Amino acid sequence: QVQLVESGGGLVQAGGSLRLSCAASGRTFSSYAMGWFRQAPGKEREFVAAISWSGGSTYYADSVKGRFTISRDNAKNTVYLQMNSLKPEDTAVYYCAVDRLVRRTVVSGRTQEYKNWGQGTQVTVSS
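Residues numbered from 1 in each chain as written. Predicted model: local features only at pLDDT ≥ 70, side-chain atom pairs only at ≥ 80, totals over all residues. Heavy atoms only, no water.

Undergrad: Honestly, the state of the cysteines in this entry has me stumped. Any pointers?
TA: Think of a disulfide as a covalent bridge from one cysteine sulfur atom to another cysteine sulfur atom. On inspection of all chains with the given rule, the structure shows one disulfide. Cys-22 shares a disulfide with Cys-96; S-S distance 1.9 Å. Handedness of the Cys-22-Cys-96 disulfide follows from its S-S torsion of about 65 degrees: it is right-handed. Of this pair, Cys-22 sits in strand S3 (residues 18-24) while Cys-96 sits in strand S9 (residues 92-102), placing them 74 residues apart in sequence. By relative accessible area, Cys-22 is classed as buried at 0%. (Disulfide = S-S within 2.5 Å. Helix = DSSP H or I, 4+ residues; strand = E, 2+ residues; numbered from the N terminus. Buried < 20%, exposed > 50% of the residue type's maximum accessible area, 1.4 Å probe, protein only.)

Undergrad: I keep staring at the packing of aromatic side chains and nothing clicks. Help me out?
TA: For any pair of aromatic rings, the description consists of the separation of the ring centres together with the inter-plane angle of the planes. Taken as a whole, this structure holds four aromatic pairs when the rule is applied. On the numbers, 5.7 Å between centres and 70 degrees between planes, the contact of Phe-37 with Phe-47 is edge-to-face. Linking Phe-37 in strand S4 (residues 32-39) with Phe-47 in strand S5 (residues 46-51), this pair joins segments that are 10 residues apart in sequence. The exposure class assigned to Phe-37 is buried, which follows from its relative accessible area of 0%. Of the residues examined, Phe-47 reaches a relative accessible area of 12% and is grouped as buried. With 5.1 Å between their ring centres and 70 degrees between their planes, Phe-37 and Tyr-114 make a pair best called edge-to-face. With a gap of 77 residues between them, Phe-37 in strand S4 and Tyr-114 in strand S10 (residues 114-115) connect regions that are remote in the sequence. (Phe/Tyr/Trp six-rings, centres within 6.5 Å; stacked < 30°, edge-to-face > 60°.)

The following block contains the structure:
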């Protein structure tokens, strides 16, 4: 069972940057794709970015493409989300999660394909 702990959230002005981290426990971290999702108040959880188990493939929501970068360090059991050019509409609680399928060949952006959600980290972007 993989447990996930997100960190790195905070308050930043529009145009600024933050780097989120998601530390995973468990020996099988490197065999699973990882995803970042976010949920704003009153809205459903939405996909942000995903990375394959090897790190060789990434997938982004259109709303963050070109501004956010997902990466992973399997030696450290950690996945990152570098967020640049932040906008007020990026304000949300950000969650990481593990793919339900081991070594999926095509990364998914579907919420139901992920499990073991972390507790989330708040990102607030002021205008």
